[in-house]
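Structural characterization, general
Listed below, chain by chain, are the residues.
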Amino acid sequence: MNPSTSAPAIRSFVSSKAERFTESVIREMTRLAMKHKAVNLAQGFPDFAAPEEIKRAAQEAIAKDINQYAITWGAKPLRDAIAQKFARTQGVETDPEREITVCCGSTEAMIAALLAVLNPGDEVVVFEPFYENYGPDAILSGATPRFVSLRPPAAAGETWTFDRAELAAAFNTRTRAIILNTPNNPTGKVFTREEMEAIRDLCVQWNALAITDEIYEHILYDGASHISMASLEGMRERTITINGLSKTYSVTGWRVGWAIAPPRISDAIRKVHDFLTVGAAAPLQQAGAAALGFPAAYYDKMKVDYLARRDRALDFLGAAGFICYRPAGAYYIMTDISRFGAADDVAFARYLVEKIGVAVVPGSSFYSQPGGGAQQVRFTFCKTEQTLRAAADRLAVLPQMHGFKS
Ligand code: GLN
């Protein structure tokens, strides 16, 4: 039989789930930055060195032959260190034997958590703009996201806000969870205690979970403080806290994150995680245990360093003609690009990377509806002074090119 004549037409072989989302725009922008030799202010990874102590701890772990699988839900020293740090910084006591699952980055912790708790038809409330992973995460877990708008600040000194009635209306009997990211990517919003309590009240009223991505917990400005949802009265039993080493210790490529949840939920997360990846890199988990014990001075210095980078970026972006939404946390600045007269964010981001030599993330990557974020782009500033200066120099041509004074 000649297969070329008798075989049926080849089918697409792509699942309907995979067809429903696109490649990550953030990662794509990094590739474009490399292709065009642009300064990469798109993907949020530090281009400066990780702390010596964490690097040494990883080297020692490998030398000591911690090179085989750790326990699937995480090496005990790391789980113990996570529990101690959560108790020390947020006053939340957890049992490292039953309530912590170490994953390959908080990215895996989030999808493992969602796969562990969601059924097809469940709804998940998500504030919009949102970190782009949450969209595909919801699709992969069969759930339907219900978006609630975060509104940009109307005036300097204000912050992104949400409408309490709109949030309340997003909850119903199908709501299984809300995903909360504070400090927030991409807006830089740090949710206040009052806002968290409003969210808590809805979770309790509708018997829903809070799944909180707290990866930027130590990157805070202007006196903002981070509050873990699990520390609120009534939330300990209905919160999954996601966190990781990446941002706090500048090791985004190590892929070590974790989920903290009550035992029944952790059991489910551990099963999902085990069959997804078995476990995170064992020697890097060992190094993570050392890092989590760093003294308070480490976090204080990191905050001071990021404050300087934020203010530097606010300065040169403002001078270049961007309207900046001043972040109170995390290491991104959402900007309004309407002064440049671009057709949309994607066209403007392409122009910036190809013609100006600076890569950013188009705002639409953080919105669900067509048209959302069409006049916004996101910059990251977790970069060395050298990188920031190169970006500042390149962007400085914009006001003249676009015919306005900076
Ligand atoms: N969280 C970072 C960002 O938003 C990096 C995401 C990633 O590429 N994994 O840019």
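A few points on the structure. These figures come from a predicted structure and were not determined experimentally. (Residues numbered from 1 in each chain as written. Predicted model: local features only at pLDDT ≥ 70, side-chain atom pairs only at ≥ 80, totals over all residues. Heavy atoms only, no water.)

Helices and strands together make up the secondary structure of the chain, namely 15 helices and 13 strands. Taking 22 Å as the expected radius of gyration for a compact globule of 406 residues, we find that the chain reaches 22 Å, a close match to that expectation. Over its C-alpha atoms, taken along the principal directions, the chain stretches across nearly 70 × 60 × 50 Å. Here the chain, with 406 residues, has 54% of them falling under the buried criterion. Of the contacts made within the chain by residues no fewer than 6 positions apart, 74% connect residues no fewer than 24 positions apart. Just so you have it, the chain exposes about 17800 Å², and 54% of that area is on carbon and sulfur atoms. (Helix = DSSP H or I, 4+ residues; strand = E, 2+ residues; numbered from the N terminus. Rg over C-alpha atoms; globule rule 2.2 N^0.38 Å. Buried < 20%, exposed > 50% of the residue type's maximum accessible area, 1.4 Å probe, protein only. Contact = heavy atoms within 4.5 Å. Areas by Shrake-Rupley, 256 points an atom, 1.4 Å probe, with all protein chains shown as cover.)

Let's shift gears to the nonpolar core. Phe127, Leu167, Ile240, Tyr249, Phe322, Phe379 and Leu395 are the most contacted members of the largest nonpolar core, which has 124 residues in total. In terms of residue count, the dominant contributor to this core is helix α12 (residues 296-320) (9 residues). (Core = buried A, V, L, I, M, F, W, Y, C linked by side-chain atoms within 4.5 Å.)

Scanning the entire structure with this criterion turns up 22 aromatic pairs. A ring pair is formed by Tyr216 and Tyr331, whose centres lie 5.4 Å apart and whose planes are at 80°; its orientation type is edge-to-face. A residue pair is termed long-range when its members are at least 10 positions apart, and Tyr216 in the loop between β6 (209-213) and β7 (239-244) and Tyr331 in the loop between β9 (323-325) and β10 (332-336) qualify at 115 residues. Looking at Tyr331, the relative accessible area reads 0%, which means it is buried. Taking the centre distance of 5.8 Å and the plane angle of 40° together, the rings of Phe348 and Tyr351 count as tilted. One end of the pair, Phe348, and the other, Tyr351, are both in helix α13 (residues 345-356), 3 residues apart, so they sit about a helical turn from each other. Taken together, Phe48, Tyr216, Tyr306, Tyr331 and Tyr332 form an aromatic cluster joined through their ring pairs. Across the ring face of Phe45, the terminal group of Lys383 is positioned such that the distance to the ring centre comes to 3.7 Å. (Phe/Tyr/Trp six-rings, centres within 6.5 Å; stacked < 30°, edge-to-face > 60°. Lys NZ or Arg CZ within 6 Å of the ring centre and 35° of its normal.)

With that settled, consider the site of the ligand. Contacts to the ligand come from Ile26, Arg27, Gln43, Gly44, Tyr131, Asn185, Tyr216, Lys247, Tyr332 and Arg378. At a separation of 2.8 Å, an oxygen atom of the ligand approaches a polar side-chain atom of Arg27. Within the side chain of Tyr332, one N or O atom sits 3.3 Å away from an oxygen atom of the ligand. The protein chains hide 88% of the 290 Å² of surface that the ligand would expose on its own. (Near = heavy atom within 4 Å. Polar contact = N/O pair within 3.5 Å; in protein donor to acceptor, adjacent residues only side chain to side chain.)

Either a parallel or an antiparallel arrangement is found when strands of a sheet pair, and the pairing is made through backbone hydrogen bonds. Strand order in the open sheet made by the 4 strands is β9-β10-β13-β12, with antiparallel pairing throughout. On the outer flanks of this sheet lie β9 and β12 (361-362), each paired with one strand and no other. Bridging between β10 and strand β13 (residues 376-380) involves 5 bridges; their strand directions are antiparallel. Directly across from Met334, in β13, lies its bridge partner Arg378. (Pairing = 2+ DSSP bridges.)

Before going further, it helps to examine the layout of surface pockets. Size it by volume and the largest pocket reaches roughly 600 Å³. Residue lining of the largest pocket: 25 residues in total, with Phe21, Thr22, Glu132, Gly135 and Pro136 positioned closest to the centre. Mapped by element, the contributors of at least two residues to the lining of the largest pocket are α3 (25-35), α6 (105-117), α7 (134-140) and β4 (144-149). The greatest single-element share of the lining of the largest pocket, amounting to 5 residues, is contributed by α7. Across the lining of the largest pocket, the residue classes break down as 11 nonpolar, 9 polar and 5 charged. Of the voids in this model, the second largest pocket is the one considered here, and its volume is about 440 Å³. For the second largest pocket, the lining is made up of 24 residues, of which Arg27, Thr107, Tyr131, Lys247 and Arg255 are closest to its centre. For the lining of the second largest pocket, the elements supplying multiple residues, two or more each, are α3, α6 and α7. Considering only residue class, the lining of the second largest pocket consists of 8 nonpolar, 10 polar and 6 charged. (1 Å grid on protein atoms, 1.4 Å probe; cavity = no way out; pocket = protein on both sides within 12 Å on 5 of 7 lines; lining within 4 Å. Points joined across faces, edges and corners; volume = space filled by probe spheres on them. Nonpolar A, V, L, I, M, F, W, Y, C, P; charged D, E, K, R; others polar.)

This paragraph deals with α6. Over its 13 residues, α6 runs 19 Å from end to end, which matches the ideal 18 Å to within 8%, given 1.5 Å per residue. Most of α6 is tucked away, with 10 of its 13 residues classed as buried. Buried residues of α6: Gly105, Ser106, Glu108, Ala109, Met110, Ile111, Ala112, Ala113, Leu114 and Val117, and no others. (Expected span 1.5 Å × (residues − 1).)

A few words on empty space enclosed by the protein. Within this structure, the stated rule accounts for 3 cavities of 30 Å³ or more. Of the voids in this model, the largest cavity is the one considered here, and its volume is about 130 Å³. Every residue lining the largest cavity is counted, 15 residues in all, and those nearest its centre are Lys85, Phe86, Glu217, Asn243 and Trp258. Every element with two or more residues in the lining of the largest cavity is listed here: α5 (76-90), β7 and β8 (257-260). With 4 residues, the top contributor of residues to the lining of the largest cavity is α5.

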